[in-house]
Amino acid sequence: PVQPIENHAMQVNLSMGLETKVSDTSFDQGDKVAVYMVNYAGDTPGTLLTTGNHYDCQAYTLGSVWSGETMYWLDKTTKADFYAFHPCAVPSDVNAHHFHTAADQSTLASYKASDFVWGRAEGIAPTKETVIINTKHVLSNVKIIVKPGNGFTAETLAAADLKVRINDVLNEAVIDLADGSVTASGTASDVIPYDEGEYYRAVIVPQTIADDSELIVLTVNGVDYALKKGFSFRHGVKHNFTVTVNKTG
C-alpha cells in the first residue's frame, strides 16, 4: 500500500499483461515482486538508482492481496514513478541486473523460475486510488510442436523415446530495470524444454542465432534429427515452432 500524507491507506496493486507468466494472465500465489518508488523534481522525472530512491526494492508478496511494507508519498503534490520486477532480488546495479534462465527447464518449477517480468507506472500523482503497475514478459517464450513425417506415424512417434533440446543458446540476461531492455550474456548451453504433453515450452534470453545453426535437435530412439535454422529470439515474444521429423533427416 502507498499512503498519502493524510495517512489514508492506499493499496498498490500489481497487474500482469497477457503472456507474461506461465499462467499467461496473472501472477501465482506466493510470487514476490520488487518495487521501487522514484520521486519527480517538479515536473522532471527522477532517475532510478540502485540505492537512494524514495523507496528501494520493497518486496511485495501475493496472497489474497499484495502485501509488503507500507510506503508513503513524499507529500500531497510530488509525483512518482514506480518500477516492479519478478522474481524479487536485490540488484547490485539497477541498470545491469543479471538473471539466469535454467538450462534444464524440463520441470515446471525450473521453467517457472526462468521467467522474468518487468513493469513501470510513470508520473503518478499522489492519490488515494490504487496504483496499477502493468508488467510484461521481457524474455522470449518458445513453443515447440513435434509432428510425424516420413517414416513415422503419430502412434510410433508417441511411443518413441523422444528428447527435445534447443541448441547452444546464451542463458544469462543483463536487464536494465529502468526500461526493461535485455542483453544476452554468459556461456552458451543447450536448453531442455518443459514437456506440456502436446508441445514443449522454454524461456530463452532474447538473442540472434547464426544461420544454418542446429537450432532445435530431436533425439528419437537415440537418433538425432536437427532443424538447421538461423533465428532471432525477440524481447517479450512467444515464438511457435512446428517441427516435422522425417527418418531421412
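Computed from a predicted model, the values in this text were never measured in an experiment.

A few words now on the overall build of the protein chain. Looking only at helices and strands, the protein chain features two helices and 20 strands. Expressed as a percentage of its 249 residues, the buried residues of the protein chain come to 45%. Partitioning the contacts of the protein chain with sequence separation of at least 6, the portion at a separation of at least 24 is 67%. In the structure as shown, the protein chain presents an accessible area of about 11700 Å², 48% of it carried by carbon and sulfur atoms.

By size, the foremost hydrophobic cluster in this structure holds 24 residues, and its most contacted members are Ile-144 and Phe-241. Those elements that place two or more of their residues in this core are strand 11 (140-148), strand 12 (162-176), strand 15 (200-204), strand 17 (214-220), strand 19 (231-233) and strand 20 (238-245). Ignoring any residue separated from it by four or fewer positions in sequence, one finds Phe-241 in contact with Val-142, Lys-143, Ile-144, Ile-145, Leu-215, Ile-216, Lys-229, Phe-231 and Phe-233. Tyr-83, Leu-139, Ile-175 and Val-203 belong to the second-largest nonpolar core, a separate cluster that totals 22 residues.

So, about the packing of aromatic side chains. Per the counting criterion, the structure on display carries eight aromatic pairs. Their ring planes at 70° and their centres at 5.1 Å tell us that Phe-231 and Phe-233 sit as a pair that is edge-to-face. Taken individually, Phe-231 and Phe-233 each receive the classification buried, so the pair is uniform in this respect. Ring-pair connections join several aromatic residues into one group, and the members of that group are Phe-85, Phe-99 and Phe-116. Over the ring of Tyr-199 we find Lys-143, and its NZ or CZ is 4.4 Å from the ring centre. Lys-247 extends its terminal NZ or CZ atom over the ring of Phe-152, reaching a point 5.2 Å from the ring centre.

As a further point, take the state of the cysteines. Applying the stated rule across the entire model yields zero disulfides. Cys-88 provides the cysteine sulfur closest to Cys-57, a residue in no disulfide bond, and the two sulfurs are 5.1 Å apart. The exposure class of Cys-57 is buried, given its relative accessible area of 16%. We classify Cys-88 as partly exposed; its relative accessible area is 26%.

A separate point is a negative patch on the surface. Taken together, the side chains of Asp-211, Asp-212, Glu-214 and Asp-224 define an acidic patch exposed on the protein surface. Tracing the backbone shows Glu-214 in strand 17.

What counts as what
Residues numbered from 1 in each chain as written. Predicted model: local features only at pLDDT ≥ 70, side-chain atom pairs only at ≥ 80, totals over all residues. Heavy atoms only, no water. Helix = DSSP H or I, 4+ residues; strand = E, 2+ residues; numbered from the N terminus. Buried < 20%, exposed > 50% of the residue type's maximum accessible area, 1.4 Å probe, protein only. Contact = heavy atoms within 4.5 Å. Areas by Shrake-Rupley, 256 points an atom, 1.4 Å probe, with all protein chains shown as cover. Core = buried A, V, L, I, M, F, W, Y, C linked by side-chain atoms within 4.5 Å. Phe/Tyr/Trp six-rings, centres within 6.5 Å; stacked < 30°, edge-to-face > 60°. Lys NZ or Arg CZ within 6 Å of the ring centre and 35° of its normal. Disulfide = S-S within 2.5 Å. Patch = residues over 30% accessible without salt bridge, like charges linked within 9 Å, V, L, I, M, F, W, Y side chains within 5 Å. Salt bridge = Lys/Arg side-chain N within 4 Å of Asp/Glu carboxyl O. Lys, Arg positive; Asp, Glu negative; His and termini not counted. Charge placed at Lys NZ, Arg CZ, Asp CG, Glu CD.

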